[in-house]
Amino acid sequence: MHRRVFLALLLAGCSTGPAAAQPVPAPQAPAALPPPPLGPMSFNDWLESFKSRAAIAGVPRAVLERELAGLTPNDRVSALDGAQPEFSRPVSAYIKSALTQSRIDIGKRRRNDPFFPAIERRYGVPREILMGVWAQESGFGTILGDMDIIRSMATLAADGRRRAWAEGELVAALKIISSGEHPRSRMKGSWAGAFGQTQFIPTTYLSTAVDGDGDGRRDLWGSPADALASAANLLAKAGWRRGESWAREVTVPAGFDFSLTEGPKETPDWWESRGVRRADRQPWSAADRAAPAQLLAPSGANGPLFLLFPNHFAIRQYNNSVAYALAVGMLADRFAGMGQLVKPWPEEVGLALADRQAAQRALVSLGFNPGTPDGVVGVNTRSALRAWQKSRGLVADGYLSMDMVRRLRAEAGV
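We now turn to the structure provided with this report. (Residues numbered from 1 in each chain as written. Predicted model: local features only at pLDDT ≥ 70, side-chain atom pairs only at ≥ 80, totals over all residues. Heavy atoms only, no water.)

Closest axis-to-axis distance for the helix H11 (residues 224-237)/helix H14 (residues 310-318) pair is 8 Å, and the angle between their directions is 120°. The pairing of H11 with H14 is recorded here as oblique in orientation. In this structure, the crossing between H11 and H14 has a hand that is right-handed. Counting all contacts with H11, which are made through Ala-231, Leu-234 and Leu-235, the residues of H14 involved are Ala-314, Ile-315 and Tyr-318. (Axes fitted to C-alpha atoms, helices over the stretch in contact; angles between N-to-C directions. Helix = DSSP H or I, 4+ residues; strand = E, 2+ residues; numbered from the N terminus. Parallel < 35°, antiparallel > 145°, perpendicular 65-115°, else oblique. Left-handed = near helix turned anticlockwise from the far one by under 90°. Contact = heavy atoms within 4.5 Å.)

Here it is in structure tokens:
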């Protein structure tokens with residue numbers, strides 16, 4: 001995972017001076033760390049044990065002593081990492097907040113930035129998609145985050161919940177500093193360790209960041225060309241397919257079997273044989289007609305429906321969130337001059353954490369497996385809900401509304 005899926009806070013911007021130009025080293029795969037200790041530890045105990053593992057992984061001792069001297073945990077990072085929103089945010093609300101007219105206007109203006117043609121030729125990712133990522137990640141480079149990445153990663157590692165992952169990112173961040181590419185003063189980002197205009201984490205920077213403007217360094221903070229070329233490289237590695245759409249809005253006939261949502265990946269011809277049509281009634285391109293596509297009903301049967309092509313799932317390699325990938329793709333469409341959806345988003349109400357967990361526990365008690373009842377309504381929960389809905393003769397769209405919560409609670413006695 002290249003970024004945290006649940007990164008929802010608005011980050012404060014930071015302003016830093018340009019780093020001295022240096023030759024770009026060949027990308028390095030992060031060395032595997034020895035297994036970190038399990039269980040809670042004091043910060044200082046963890047720090048001392050980490051130094052030995054980081055040295056084995058290739059971080060120079062001098063860098064470790066210099067950058068970790070006097071390091072203390074950041075309580076704000078710990079609090080943010082352990083927090084879970086009391087109310088879920090509906091997909092429709094997320095999309096509406098992403099597709100603002102001011103953001104669309106900026107994207108249309110920046111379509112002609114001079115670095116885009118070379119990036120498109122090299123990686124095959126359309127500029128509009130890259131601008132969608134750019135808008136979502138940093139507001140076109142205006143919101144970068146101001147937290148010390150070394151301290152944030154050390155805090156997450158010492159806390160222990162995701163120790164192995166955080167230690168790997170900390171080692172990568174220290175290697176960036178030790179290589180001379182960027183000093184510690186430049187390594188600012190979000191509390192979860194993502195940085196730059198396209199919000200890479202340190203391991204992804206080492207393996208995937210590129211020099212897009214030809215100045216001999218990879219600068220995701222100060223160079224839009226570097227940041228967007230790096231994002232294009234990430235999407236290309238994730239399987240971006242040249243010439244294909246990311247998704248298309250569709251309609252379905254009355255009585256459609258919504259249990260097919262988030263299920264089979266078939267060509268548009270297969271879907272058309274079941275009554276699925278493009279909402280704009282335009283023909284499929286040859287590339288799209290040959291591509292596998294999956295049906296999605298993000299707001300249930302009463303909301304807009306989409307056929308998702310492989311490029312949608314490439315975007316989800318950047319951030320594994322349905323809402324995020326939809327926002328990036330829909331922004332890209334608007335930047336390219338396409339209109340609004342044929343079917344508007346419905347008015348949705350966010351569900352409280354207790355209601356989401358109760359629905360999951362009810363599904364478990366009724367013999368349907370949503371995974372851990374953690375209140376996160378992901379693929380497993382939606383799949384279990386669809387199976388329950390279908391078995392009860394309901395529209396099996398996998399959409400957890402308040403009505404579905406009440407039905408589940410009543411049947412399971414939760």
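That was the structure; now back to the text.
The subject of this paragraph is the packing of aromatic side chains. All told, the structure shown has 12 aromatic pairs when counted by the stated rule. Considering the side-chain rings of Phe-43 and Trp-46, the 5.7 Å spacing of their centres and the 50° angle between planes classify their relative orientation as tilted. Here the residue Phe-43 and the residue Trp-46 both occupy positions in helix H1 (residues 43-56), the gap between them amounting to three residues, near one helical turn. Of the two residues examined, Phe-43 and Trp-46, each falls in the buried class. Among the aromatic residues, those joined into a cluster by ring pairs are Phe-43, Trp-46 and Phe-50. We note Lys-265 situated over the ring of Phe-313; from NZ or CZ to the ring centre the distance is 3.9 Å. (Phe/Tyr/Trp six-rings, centres within 6.5 Å; stacked < 30°, edge-to-face > 60°. Buried < 20%, exposed > 50% of the residue type's maximum accessible area, 1.4 Å probe, protein only. Lys NZ or Arg CZ within 6 Å of the ring centre and 35° of its normal.)

As for its placement among the helices and strands, Thr-198 is situated in the loop between strand S2 (188-189) and helix H10 (202-208). With relative accessibility at 0%, the residue Thr-198 sits in the buried group. Setting aside chain neighbours within four positions, we find Thr-198 in contact with Val-133, Glu-137, Ala-227, Leu-228, Ala-231 and Tyr-318.

For the rest of this paragraph, the subject is the pattern of salt bridges. Under the criterion given, the structure shown has 25 salt bridges. The closest approach of N and O atoms between Arg-127 and Glu-120, which form a salt bridge, is 2.8 Å. Residue classification places Glu-120 among the partly exposed positions, given a relative accessible area of 22%. Between Asp-280 and Arg-278 there is a salt bridge; the shortest N-O distance is 2.8 Å. Judged by relative accessible area, Arg-278 falls into the buried class, the value being 10%. Look at the salt bridges and you will find they share partners, linking Arg-66, Glu-67, Asp-148 and Arg-184 into a network. (Salt bridge = Lys/Arg side-chain N within 4 Å of Asp/Glu carboxyl O.)

Turning our attention to the nonpolar core. The biggest cluster of nonpolar side chains holds 86 residues, and the ones touching the most others in it are Trp-46, Phe-50, Ile-129, Leu-130 and Leu-326. With 11 residues, helix H15 (residues 322-335) is the largest single contributor of residues to this core. Excluding its chain neighbours within four sequence positions, the residues that come into contact with Phe-50 are Leu-64, Leu-68, Glu-167, Leu-170, Val-171 and Leu-174. (Core = buried A, V, L, I, M, F, W, Y, C linked by side-chain atoms within 4.5 Å.)

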